[in-house]
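A structural walkthrough
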Amino acid sequence: MDHFLYRDGHLYAEDVSVAEIAATVGTPFYVYSTATLERHFRLFDEALDGMDHLVCYAMKAASNQAILKTLAALGAGMDVVSGGEYARAKAAGVPGERIVFSGVGKTRDEIHAALSGGIRQFNVESEPEMAVINEVALELGVVAPITVRVNPDVDAKTHAKIATGKSENKFGIPIARAREVYAHAATLPGLKVIGIDVHIGSQLTQLEPFRLAYDKVAELTEQLRADGHEISRLDLGGGLGIPYERSNDAPPLPTEYGALVKETLGHLGCEIEIEPGRLIAGNAGLMISKTIYVKSGEDRDFLIVDGAMNDLIRPAMYEAHHDIVPVVEPAPGVEKTSYDVVGPVCETGDTFAKERIMAPVNAGDLVAFRSAGAYGAVMASEYNTRPLIPEVLVNGDQFAVIRRRPTFDEMINRDTIPEWL
């Protein structure tokens, strides 16, 4: 469920007309719903009710500080994967004890910053990383809390580019080697082992891969405790999918996921961490674009919009589907037509949809790309010297620009011309 609905024939974000926002900030832009962000966070939090737990928002999905502050006010932790994300979380007022640092390539500087500023734990991905964390912790005179990310060799049955739990993926330590790695970690004086981390991928639409992974984690927990390790926390990652296509079967609900966690891991008495990103932010955001031209081709019509692949790259990168709807509600029974929906970038890959059946659209009409709140604005670029598009947050009948569109002068003036030119 989201809070983007037609009202009197016009699309609204909560109690604000999308057309009103477009008239104020111009197109294209992203718009997020506070009510949807809050609802999705609470669904996860309530799904784990009865277990000691923390929901850490995976901020790589959408990292504007206004979004982070909205979720942090509800008690969310943050899952970060870079020094920049760590700094952004701290700037948004999230305390270090609610920040988990993940990622396969943590640098010495990033580790230093997190240990100096406070960190809940590092999810360690390799033995070389473990050695560096130990060294930096000893230099600072602190002890670094860690989990070790294990790779359970489970097929998440998702897109190959976002699967992370198979043996050929770059993530984690093979679960078959986990006991020797934990034994080594226990000898390093700058580290304190507190638990196990696992994450098998993103946009999962079935529960069975989670079950397979969590069963392996449960078995490993018992083995490590028998080896003398204190395993008190299980970080289960994120990955639960969202319904990008309204006509498709919906992925499992957070309540069903929570029931699975309790069934497979509840007997261990561990604190549970989960790191959802897409399910919290995905359906909480739209990208709004204006139609520039409707072009008739040899065997198809092209809907050319002012949004482009640099603004929303998921279709070009993942062949991802986004429902595309007019901002003005089509009349009942209107005859639909087929469009290739494309942007203005000079690449064939700048295509959002092919042969998309939808209500007729004219030049100047606004269209909304649904389910664009996750991996939209955060993956945008200035390709073709196109400005990063604004982000807008709605709260009831209010809206605010939470990232403005830069001017061409601001973009160009970031360049530095060498003195010999």
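Please refer to the structure placed before this passage.
Residues numbered from 1 in each chain as written. Predicted model: local features only at pLDDT ≥ 70, side-chain atom pairs only at ≥ 80, totals over all residues. Heavy atoms only, no water.

1. Quick look at the overall build of the protein chain
Here is the rule: Going along the chain from the N terminus, every DSSP run of H or I of four or more residues is numbered as a helix, and every run of E of two or more is numbered as a strand. Two things to know: the radius of gyration comes from C-alpha atoms, and the globule rule equals 2.2 Å times the number of residues to the power 0.38. Exposed residues in this analysis have more than 50% of their type's maximum accessible area, buried residues have under 20%, and partly exposed residues fall in between, with area computed by a 1.4 Å probe over protein chains only. Contacts are assigned to residue pairs that have any heavy atoms within 4.5 Å of one another. Throughout, the Shrake-Rupley method with a 1.4 Å probe supplies accessible areas, and for residues the shown protein chains are the sole cover considered.
Looking only at helices and strands, one finds twelve helices and 21 strands in the protein chain. Taking 22 Å as the expected radius of gyration for a compact globule of 421 residues, we find that the protein chain reaches 23 Å, a close match to that expectation. On the principal axes, the C-alpha backbone points of the protein chain span a range of 70 × 60 × 40 Å. The buried share of the protein chain, taken over its 421 residues, is 53%. Of all intrachain contacts in the protein chain linking residues separated by at least 6 positions in sequence, the fraction that spans at least 24 positions is 70%. Accessible surface for the protein chain amounts to roughly 18100 Å². Of this, 51% is attributable to carbon and sulfur atoms.

2. Re the pairing of strand 2 (residues 10–13)
How we decide: Only when DSSP finds a minimum of two bridges between them are two strands counted as paired.
Burial along strand 2 is one-sided: Leu11 and Ala13 are buried, and none of His10 and Tyr12, which face the opposite way, are. In the sheet, strand 1 (residues 4–7) pairs with strand 2 via four bridges, with the strands oriented antiparallel. Bridge assignment links Tyr6 to a residue of strand 2, and that residue is Leu11. In sequence, strand 1 turns back onto strand 2 through a hairpin of two residues, with Asp8 there showing a positive phi of about 50°. Of the pairings in the sheet, the one linking strand 2 to strand 3 (residues 16–17) comprises two bridges and is antiparallel in character. If you follow Tyr12 over to strand 3, its bridge partner there is Ser17. With antiparallel pairing between neighbouring strands as the criterion, strand 2 and strand 3 make up a hairpin whose turn holds two residues, including Glu14 at a positive phi of roughly 55°.

3. Here we look at the nonpolar core
Which entries qualify depends on this criterion: The nonpolar core is taken to be a set of buried Ala, Val, Leu, Ile, Met, Phe, Trp, Tyr and Cys residues, with the residues joined through side-chain atoms within 4.5 Å.
Judged by nonpolar contacts, the single largest core of 96 residues is most densely connected at Tyr57, Met78, Phe122, Leu234, Leu236 and Val341. The element contributing the most residues to this core is helix 8 (residues 208–226), with seven residues. Leave out the neighbours within four places in its chain, and Leu236 touches Val198, His199, Tyr214, Tyr257, Val261, Leu265, Ile272, Glu273 and Ile274. Membership of the second largest hydrophobic core comes to 18 residues, among which are Val16, Ile288, Leu366 and Val392.

4. Description of the environment of Asn310
Put simply, the rule is: Here a polar contact is taken to be a pair of N or O atoms separated by no more than 3.5 Å, where protein atoms must pair a possible hydrogen donor with a possible acceptor and residues adjacent in sequence count only if both atoms sit in side chains.
Residue placement: Asn310 occurs in the loop between strand 15 (301–305) and helix 11 (314–318). Residues Asn310 and Gly373 lie 63 residues apart in sequence; the distance between their C-alpha atoms is 15 Å. Setting aside residues up to four positions removed in sequence, Asn310 forms contacts with Val345, Ala380, Ser381, Tyr383 and Arg386. At 2.9 Å, the side chain of Asn310 forms a polar contact with the backbone oxygen of Ser381.

5. Observations concerning the pattern of salt bridges
The line we're drawing: Salt bridge, as used here: a side-chain nitrogen of Lys or Arg that lies within 4 Å of a carboxyl oxygen of Asp or Glu.
Within this structure, the stated rule accounts for 24 salt bridges. The shortest N-O distance in the salt bridge between Glu129 and Lys106 comes to 2.8 Å. Of this pair, Glu129 sits in helix 6 (residues 127–140) while Lys106 sits in the loop between strand 7 (99–101) and helix 5 (108–117); the two residues are 23 residues apart in sequence, bridging distant segments of the chain. Pair check on accessibility: Glu129 and Lys106 agree, each one buried. Put simply, Arg120, Arg233, Glu271 and Glu273 are held in one network by salt bridges that share partners.

6. Overview of the packing of helix 2 (residues 34–47) against helix 3 (residues 65–72)
Relative placement of two packed helices is described by the angle separating their axes and the distance separating the axes. Selection rule: Here an angle of 0 to 180 degrees is reported between the N-to-C directions of two axes, which are lines fitted to C-alpha atoms, with helices fitted over the stretch in contact. By definition in this entry, angles of less than 35 degrees are roughly parallel, angles greater than 145 are roughly antiparallel, angles of 65 to 115 are roughly perpendicular, and the rest are oblique. Two helices crossing with the near one rotated counterclockwise from the far one by less than a right angle form a left-handed crossing, whereas a clockwise rotation gives a right-handed crossing. Three categories are distinguished: nonpolar for Ala, Val, Leu, Ile, Met, Phe, Trp, Tyr, Cys and Pro, charged for Asp, Glu, Lys and Arg, and polar for the others, with Gly belonging to the last.
Taken N-terminus to C-terminus, the directions of helix 2 and helix 3 make an angle of 45°; their axes are 10 Å apart at the nearest point. Here helix 3 runs oblique to helix 2, going by the angle between their axes. For the pair helix 2 and helix 3, the crossing hand works out as right-handed. Packed against helix 2, whose contacting residues are Thr34, Leu37, Glu38 and Phe41, the element helix 3 presents Ile67, Thr70 and Leu71 at the interface. Class assignment of the residues belonging to the contact of helix 2 with helix 3 gives a composition of four nonpolar, two polar and one charged.

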